[in-house]
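Each chain is listed here by its residues.
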Amino acid sequence: MSPSTITILFLLFAIVMFVTERIPLGVTSMIVCIGLVVTKVLDVKTAFAGFIDSNVILFVAMFIVGGAFFETGMANEIGGIVTKFAKTERMLIIAIMVIVGVMSGVLSNTGTAAVLIPVVIGIAAKSGYSRSRLLMPLVFAAAMGGNLSLIGAPGNLIAQSALQEQLGMSFGFFEYAIVGVPILICGILFYATIGYRLLPNREPKDDGAFDQTQDFSNVPQWKKTLSLVILVLTLAAMVLEDKIGIKLCISGCIGALALILTGVISEKNALKSIDLKTIFLFGGTLSLASALSKTGAGEQIADLVINALGENPSPYVLTFVVFMLCCVLTNFMSNTATTALMVPICLSVAQGMGADPRAVLMACVIGGSCAYATPIGMPANTMVIGAGGYTFMDYVKSGAPLIVIATIVSMIILPIAFPFFP
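Just so it is clear, the structure is predicted and the values come from calculations on it, not from any experiment.

Participant: Looking at this model, I keep getting lost on the packing of helix 8 (residues 132–145) against helix 10 (residues 177–192). Mind explaining?
Facilitator: For any two helices packed against each other, one specifies the crossing angle of their axes together with the interaxial distance. Relative to each other, helix 8 and helix 10 sit at 165°, their axes nearing to 9 Å. What the angle tells us is that helix 8 and helix 10 run roughly antiparallel. Remark: the crossing between helix 8 and helix 10 carries right-handed chirality. Note on element contacts: helix 10 touches helix 8 through I183, L184, G187 and Y191, opposite F140, A141 and M144. Residue composition of the contact of helix 8 with helix 10, grouped by class: six nonpolar, one polar and no charged.

This is the structure we're talking about:
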């Protein structure tokens, strides 16, 4: 059996396992990584190169920086301050979506949702508003906010790594925001107007863990303040990467070390805040990307896609097909897994057409974040099923229009901001 055939079989295995989640995502990723070594498609060094990728180091560092921000209760306080000014249910939805969107742009979107869900439940209880009408906009904003920066979501860095490794190109720190900000703004406006009527009004099925609001009263104020200061300084250093000459991963590591050395977060809790599932998924799927490139399997898939689109495929049609394919996949499997699978294929297709791959990769990443129409699309969606008393169709009715909005916005902006043949 040829190396390209073996690679395609591992790709199919990964797709089936990512969709069904019969085994954990990180385990699937490692089976593929080790399988490629055992079958001699890749050598050990190439297969495990993803685990020493600078973006993996950045992940680890930002998990710790974000973990300290959540653990000290600073995220909780900021969420409470913003929502305090909302006087009506519509204003409250706007306030929640703005704060969650902005926070998830620079922190874990799952972590942001997890911290603010109990805050919103508490606000709903005090105000008399239905929590089911507030929690769904919260998790949608968390997904949209992931497209505001390079570190907003794992998929963003997966695309960045592939682009750097294959072509020596990269996205700027806030380049995803060119598409992400308009989508977030349109999403907020939608749920403040037409979409407001689509939000479900349900009674919660159970009290659940989120009804117990965590008590941060015993956390010293200096820890809260320092967690915010270090987060801001770390982000500032990342934004000014070119000016100060310090790479993103190093800035992240300096921030993480500063938090541990000052005692804002203990070493034990810092290690607990690292999401190993994401690390294994990221590192393992990069080996699949390497195999698709090295064996020519990615090129074969790309040829199939190009041939299916016609003799002279339009880059606009390709971008739309990629976007919609990622949208569909991400609602039934992990958005990180969707991006990890699609990025190497999209890169091969774009290269085969001689087009700038940045537009196609951007479509892949943005489409892969549109996990709005099912409760299994992203962890934050799943978190609020019980607390909001939601059904599967609640997500379809409230989330599907948001996918349409994201598609329209992306198809307008992408060709302008990222020309196919610059």
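Resuming the write-up.
Participant: Looking at this structure, I do not really get a nonpolar patch on the surface. What am I missing?
Facilitator: Taken together, the side chains of F174, V239, L240, I244, I246, I250 and I254 present a nonpolar region at the surface, about 570 Å² in accessible area. On the secondary structure map, I244 appears in helix 12 (residues 241–244).

Participant: Got a minute to help me understand helix 8 in this structure?
Facilitator: The α-helix advances 3.6 residues per turn, and as a result positions three or four apart in sequence lie on the same side. Under the 1.5 Å per step criterion, the end-to-end length of helix 8 is 20 Å for 14 residues, consistent within 8% with the ideal 20 Å. Across the 14 residues that make up helix 8, a large majority, 14, are buried.

Participant: What should I look at first to understand helix 13 (residues 248–261) in this one?
Facilitator: Over its 14 residues, helix 13 runs 20 Å from end to end, which matches the ideal 20 Å to within 8%, given 1.5 Å per residue. Within the sequence span of helix 13, burial applies to L248, C249, S251, G252, G255, A256 and L259. Considered in projection along helix 13, the buried side chains sweep an arc of 165° and stay on one side of the axis. Opposite the buried face of helix 13, by more than 90 degrees, sit the exposed residues L257 and L261. Taken from the residues just after helix 13, G263 is the one with a positive phi, measuring 80°.

Participant: I tried to follow the packing of aromatic side chains on my own but got confused; where do I start?
Facilitator: Each aromatic ring pair is specified by the distance between its two centres and by the angle formed by the two planes. Per the stated rule, a full pass over the model turns up nine aromatic pairs. Taken together, a centroid distance of 5.0 Å and an interplanar angle of 50° make the contact between F171 and Y176 tilted. Assessed through its relative accessible area of 3%, F171 is described here as buried. On the accessibility criterion, Y176 (0% relative accessible area) is buried. The interplanar angle of 90° and the centroid separation of 4.8 Å between the aromatic rings of F173 and F174 together place this pair among those described as edge-to-face. Residue classification places F173 among the buried residues on the basis of a relative accessible area of 9%.

Participant: Would you mind showing me how to read the side chain of T72 here?
Facilitator: For T72, the position within the fold is in the loop between helix 4 (54–71) and helix 5 (74–84). Within the structure, the side chain of T72 is placed 3.0 Å from the backbone oxygen of A68, a separation counted as a polar contact. A polar atom in the side chain of T72 sits 3.2 Å from the side chain of S227. Setting aside anything within four residues of it in sequence, one finds T72 in contact with F216, V219, K223, K224, S227 and V264.

Calculation rules
- Residues numbered from 1 in each chain as written.
- Predicted model: local features only at pLDDT ≥ 70, side-chain atom pairs only at ≥ 80, totals over all residues.
- Heavy atoms only, no water.
- Axes fitted to C-alpha atoms, helices over the stretch in contact; angles between N-to-C directions.
- Helix = DSSP H or I, 4+ residues; strand = E, 2+ residues; numbered from the N terminus.
- Parallel < 35°, antiparallel > 145°, perpendicular 65-115°, else oblique.
- Left-handed = near helix turned anticlockwise from the far one by under 90°.
- Contact = heavy atoms within 4.5 Å.
- Nonpolar A, V, L, I, M, F, W, Y, C, P; charged D, E, K, R; others polar.
- Patch = residues over 30% accessible without salt bridge, like charges linked within 9 Å, V, L, I, M, F, W, Y side chains within 5 Å.
- Areas by Shrake-Rupley, 256 points an atom, 1.4 Å probe, with all protein chains shown as cover.
- Salt bridge = Lys/Arg side-chain N within 4 Å of Asp/Glu carboxyl O.
- Expected span 1.5 Å × (residues − 1).
- Buried < 20%, exposed > 50% of the residue type's maximum accessible area, 1.4 Å probe, protein only.
- Arc of directions from axis to C-beta.
- Phe/Tyr/Trp six-rings, centres within 6.5 Å; stacked < 30°, edge-to-face > 60°.
- Polar contact = N/O pair within 3.5 Å; in protein donor to acceptor, adjacent residues only side chain to side chain.

That is the geometry; function is a separate question.
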